[in-house]
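Read off the chains here:
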Amino acid sequence: MSLLELRNISKLYGDLKALDDVSLSVERGEWIAIMGPSGSGKSTLMNIIGCMDKPTMGEALMDGVDIAKENRKKLTEIRRDKIGLVFQQFHMINYLTAVENVMVAQYYHSMPDEAEALEALERVGLRERAKHLPSQLSGGEQQRVCVARALINHPEIILADEPTGNLDEANEKIALDLFSQLHKEGTTLIVVTHDPEVADVAQRIIVLDHGRIARVARGASVAGA
Amino acid sequence: MNRRRMFLRMVTASLLRRRSRMLVALLSIAIGATILSGLITIYYDVPRQMGAQFRGYGANMILLPGDGGELTIEAAQDAMSVIEREQLIGASPYRYVRLDMVSRQQSFMAAGVDFEQVRRTSPYFNVEGRYPENDREVLVGKFIADTIGVRLNGVMELTYQPAAESPSEGLREGGFAPGEVLSGGAEGWNGGRVYVSVKIDGDGFIESVEVDASSQTPEIGGACETEDFTSRFIGKKLPVALGVDVDAITGATVTSAAVVEAVNNASASAAVAGSKTINYTVSGILDTGGDEEGYVFLSLDGMAALAGGSGSLDVMELSVSAAQDELERYASIINEGGAVAARLVKRVTRSETAVLSRLQALVFLVTAVVLLLTTICVSTTMMAVISESRKEIGLRKALGASDGGIRSEFIGEALLLGILGGASGALMGFAFAQLVSVNVFGSSITFQPMLLPVAVLVSMAVTCVSCLLPIKRAVAIDPALVLKGE
């Protein structure tokens, strides 16, 4: 069974069809990029995959559970247990240190564990920056803390929203290397991006347009392999 | 780090981060708690404070003779022993006797009192002159003084007549004592009174007459003071008749007739055996605007000297600094004894209770308004905090915070604010109450330790209530907010 199985989902906002009969299945360990111009339905799709919204029609099976049928509370639980989120704006709690920001995710998931949180920071190369506040970290470092935070509860899927959108080239490379490493370790990655270079690192590129899947391509790295 | 420590870390860090906002909230809670604890202190202290003030309105409990018995000073003091010593402001004995001022043909009630206690139980007494200082001085009510024309420092000749309510008509049975001096008065020219002193022998014949006609026209009626006129009475037997026994002075017939009438009155008024007359000096005139003005006050010993008897009272007035329910309790204990009957002066206790309950209602109302204002202020601040941190709340939810989790974090912040604000407010409130007490009532108050937990709990409750609406907003925030990268 696929990890994520979207069957003919549509999302209506009044008369507006944000998503129109989209079907998509994502296997465990797969790396998917979702592209598309503004208003193509990327955000809506991401909200549904991230269990923050429900489709108006169709089935959205997350590990076999149809999130279209679940209530808000249950969606929160699924998100907490199965999804790790990485944002374009990083979204750190700016009065907590790097390690505490990681521990917030542990706190909502189960139990804060500083040692484990420090290990996660080690993985993203920020062990020595653990006690720094977000304001003392660069954008790249903040994004790496967010990746560490996304990983800390061992999610089934890392859902990244323009993860490199606010990063310079050097930091973009670091982030992508990190994703590659996660991919190698078997983490399922869904990356929403504008950037063809970032998309190309993925195995499969889904291009949305007007709420429909306009095109599915193979990532350059895969194609080239 | 366990969950609780992480929770505390998040909550305190969040408060510290929004320092300026939270200071506003903290300040409003602290001020609310200040006024709350201040007013609670005053609320509980007011009865004590006002009780002492109210005692200026006079006695609030009286002791009367019990079943069929008489009220002695000893019995009254025995009954009073149930009252806490420091609550008893004053205990004033009263003994009432009807006395006459024979020369003016006036009869009135006299009260034998202990002037030192009167000053305590009736501080509103306004005395022109001074209180009597010995047994030969009297305090005269203004009404009596005006009616019979007694002046400050004047002499008042008071007569006690057992079983006689007013001067009887006619001559005394059994004749007169040799050399006895009788006095009397009558209305002369133009409403002025003339007074006489008549000395008689044992058979009722007049030996001499002295006339006070100072109220009459000196050149006309004044002639009645002369020996030319008074000698006309000598050797005559009482009663005398004008034109028969005594001829009038030509041109002063009205005054002459008044003197004759006064002489006859003198013989009639001194008519009861066993009577006793003592001269007192008027040391003060009493002006209260009330019934007291119709009494003559003298010391208990002074009264005993005139009317005999001692130790027996008609009433004991008590001024007790206690609330109505406590007074009622004292009264019922005293009444159980039976020897003495205790009554509350309802006029006083009721108005005291009414004033107190209104004052307390006012304090209560002000407290409620202050708490409401605090609630609004804290609520507004929290509302601002939440709209400022929509992103952060969205993030927390995206990271898996449940609605309950968000709620408990904000309630945690609210409780922390409540504890800090309440504790500081309780201390400031005590200072506030102390200030009010010293400046308004002129006495200090002691800190009630219970105030601290009460103020803290109420502050916590107020902040929690204040946060209900803001928290509802926070919980409604959509986690997807964080994904729409702005």
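All values derive from a computational prediction rather than experimental measurement.

(A) Representation of the overall build of chain B. Scanning chain B from N- to C-terminus turns up 13 helices and 15 strands. The 486 residues of chain B split such that 48% are buried. Look at the contacts in chain B between residues 6 or more apart in sequence, and 77% of them connect residues 24 or more apart. By element, 56% of the accessible surface of chain B is carried by carbon and sulfur atoms, the whole surface being about 22,900 Å².

(B) Representation of the overall build of chain A. Helix and strand content of chain A: eight helices and ten strands. Put simply, chain A has 225 residues, and 57% of those count as buried. Contacts in chain A between residues far apart in sequence, at least 24 positions, make up 66% of those at least 6 positions apart. As presented, chain A carries roughly 9,300 Å² of accessible surface, and 48% of it is formed by carbon and sulfur atoms.

(C) Molecular detail of the environment of Leu373 of chain B. With respect to the helices and strands, Leu373 of chain B occurs in helix H10 (residues 346–388). Residues Leu373 of chain B and Ile29 of chain B lie 344 residues apart in sequence; the distance between their C-alpha atoms is 9.7 Å.

(D) Structural context of the pairing of strand S1 (residues 4–13) of chain A. Residue and element names in this part refer to chain A. Across five bridges, S1 lies against strand S4 (residues 57–62) in antiparallel orientation. Within S4, the residue paired with Arg7 across the bridge is Glu59. As paired strands, S1 and strand S2 (residues 16–26) are joined by seven bridges and run antiparallel to one another. Its bridge partner being in S2, Leu6 is matched across the sheet by Leu24. Between S1 and S2, which pair antiparallel one after the other, the connecting turn spans two residues, and Gly14 there sits at a positive phi close to 65 degrees.

(E) Up close: the confidence of the model for chain A. Looking at chain A, the pLDDT average stands at 89 and 98% of residues meet or exceed 70. Across chain A, the element-wise mean pLDDT spans from 57 in helix H8 (residues 220–224) of chain A up to 94 in strand S3 (residues 31–35) of chain A.

(F) Spotlight on the environment of Thr34 of chain B. Residues and elements named next belong to chain B. By the secondary structure assignment, Thr34 is in helix H2 (residues 19–54). Judged by its relative accessible area of 11%, Thr34 is buried. Residues Thr34 and Ser424, spaced 390 residues apart in sequence, show a C-alpha to C-alpha distance of 7.7 Å. Setting aside chain neighbours within four positions, we find Thr34 in contact with Gly425, Met428, Gly429 and Phe432. Reaching out from Thr34, the side chain makes a polar contact with the backbone oxygen of Ala30 at a distance of 2.6 Å.

(G) Geometry of the pattern of salt bridges. All names here are of chain A. As enumerated under the stated definition, the model contains 26 salt bridges over all chains in all. Across the salt bridge formed by Lys11 and Asp53, the nearest N and O atoms sit 3.1 Å from each other. In this pair, Lys11 sits in strand S1 while Asp53 sits in the loop between helix H1 (42–49) and S4, placing the two residues 42 residues apart along the sequence. The pair Lys11 / Asp53 is uniform in exposure class, with both members buried. A salt bridge links Glu185 to Arg123; the shortest N-O distance between them is 2.1 Å. Of the two residues, Glu185 sits in the loop between helix H6 (169–184) and strand S8 (188–192) while Arg123 sits in helix H4 (residues 114–123), which places them 62 residues apart along the sequence. When its relative accessible area of 46% is taken as the criterion, Glu185 is described as partly exposed. Overlapping salt bridges bring together Arg28, Asp63, Lys82 and Glu156 as one network.

(H) Structural detail: the side chain of Asn60 of chain B. All names here are of chain B. For Asn60, the location among the structural elements is in the loop between H2 and strand S1 (61–65). Side-chain polar atoms of Asn60 contact the backbone oxygen of Val320, separated by 2.8 Å. Setting aside chain neighbours within four positions, we find Asn60 in contact with Arg55, Leu318, Ser319, Val320, Ala322, Leu327, Arg343, Leu344, Val345, Val348, Thr349 and Glu352.

(I) Representation of unusual backbone geometry in the model. All names here are of chain A. In the Ramachandran plot, Asp21 falls in the positive-phi region, its phi being about 55 degrees despite a non-glycine side chain. Tracing the backbone through its elements, the reader meets Asp21 in strand S2. One non-glycine residue with positive phi stands out, namely Glu162, at about 45 degrees. Within the secondary structure layout, Glu162 lies in the loop between strand S7 (157–161) and H6.

(J) Highlighting empty space enclosed by the protein. All names here are of chain A. Enumeration according to the criterion identifies four cavities of 30 Å³ or more in this entry. Estimates place the volume of the largest cavity at around 110 Å³. Looking at the lining of the largest cavity, the elements with two or more residues in it are helix H2 (72–82), strand S6 (83–86) and helix H5 (139–151). Of the residues forming the lining of the largest cavity, the biggest block, three residues, is contributed by S6. Taken together, the residues of the lining of the largest cavity break down into seven nonpolar, two polar and three charged.

(K) Looking closely at the pairing of strand S11 (residues 276–287) of chain B. Residues and elements named next belong to chain B. Across four bridges, the pairing between strand S5 (residues 126–129) and S11 is antiparallel. What sits directly across from Gly129, in S11, is Gly284. Bridge analysis of strand S6 (residues 137–141) against S11 gives five bridges, and the strand direction is parallel. Bridge pairing links Val138 to Val282 in S11. Where strand S7 (residues 155–160) meets S11, six bridges bridge the pair, whose relative direction is antiparallel. Bridge assignment links Thr159 to a residue of S11, and that residue is Thr277.

(L) How the structure looks around the layout of surface pockets. Residues and elements named next belong to chain B. Taken as a whole, the second largest pocket spans an internal volume of roughly 340 Å³. Considering the residues around the second largest pocket, the lining is formed by 17 residues, among which Tyr96, Tyr124, Glu292, Glu317 and Arg347 are closest to the centre. Within the residue set of the lining of the second largest pocket, elements represented by two or more residues are strand S3 (88–101), strand S12 (295–299) and H10. Class assignment of the residues belonging to the lining of the second largest pocket gives a composition of eleven nonpolar, two polar and four charged.

(M) Summary view of a negative patch on the surface. All names here are of chain A. Taken together, the side chains of Asp168, Glu169, Glu197 and Asp200 define an acidic patch exposed on the protein surface. With respect to the secondary-structure elements, Asp168 resides in the loop between S7 and H6. The partly exposed category is assigned to Asp168, whose relative accessible area is 45%.

Analysis parameters
- Residues numbered from 1 in each chain as written.
- Chains lettered and ligands numbered in written order.
- Predicted model: local features only at pLDDT ≥ 70, side-chain atom pairs only at ≥ 80, totals over all residues.
- Heavy atoms only, no water.
- Helix = DSSP H or I, 4+ residues; strand = E, 2+ residues; numbered from the N terminus.
- Buried < 20%, exposed > 50% of the residue type's maximum accessible area, 1.4 Å probe, protein only.
- Contact = heavy atoms within 4.5 Å.
- Areas by Shrake-Rupley, 256 points an atom, 1.4 Å probe, with all protein chains shown as cover.
- Pairing = 2+ DSSP bridges.
- pLDDT = per-residue confidence, 0-100.
- Polar contact = N/O pair within 3.5 Å; in protein donor to acceptor, adjacent residues only side chain to side chain.
- Salt bridge = Lys/Arg side-chain N within 4 Å of Asp/Glu carboxyl O.
- 1 Å grid on protein atoms, 1.4 Å probe; cavity = no way out; pocket = protein on both sides within 12 Å on 5 of 7 lines; lining within 4 Å.
- Points joined across faces, edges and corners; volume = space filled by probe spheres on them.
- Nonpolar A, V, L, I, M, F, W, Y, C, P; charged D, E, K, R; others polar.
- Patch = residues over 30% accessible without salt bridge, like charges linked within 9 Å, V, L, I, M, F, W, Y side chains within 5 Å.
- Lys, Arg positive; Asp, Glu negative; His and termini not counted.
- Charge placed at Lys NZ, Arg CZ, Asp CG, Glu CD.

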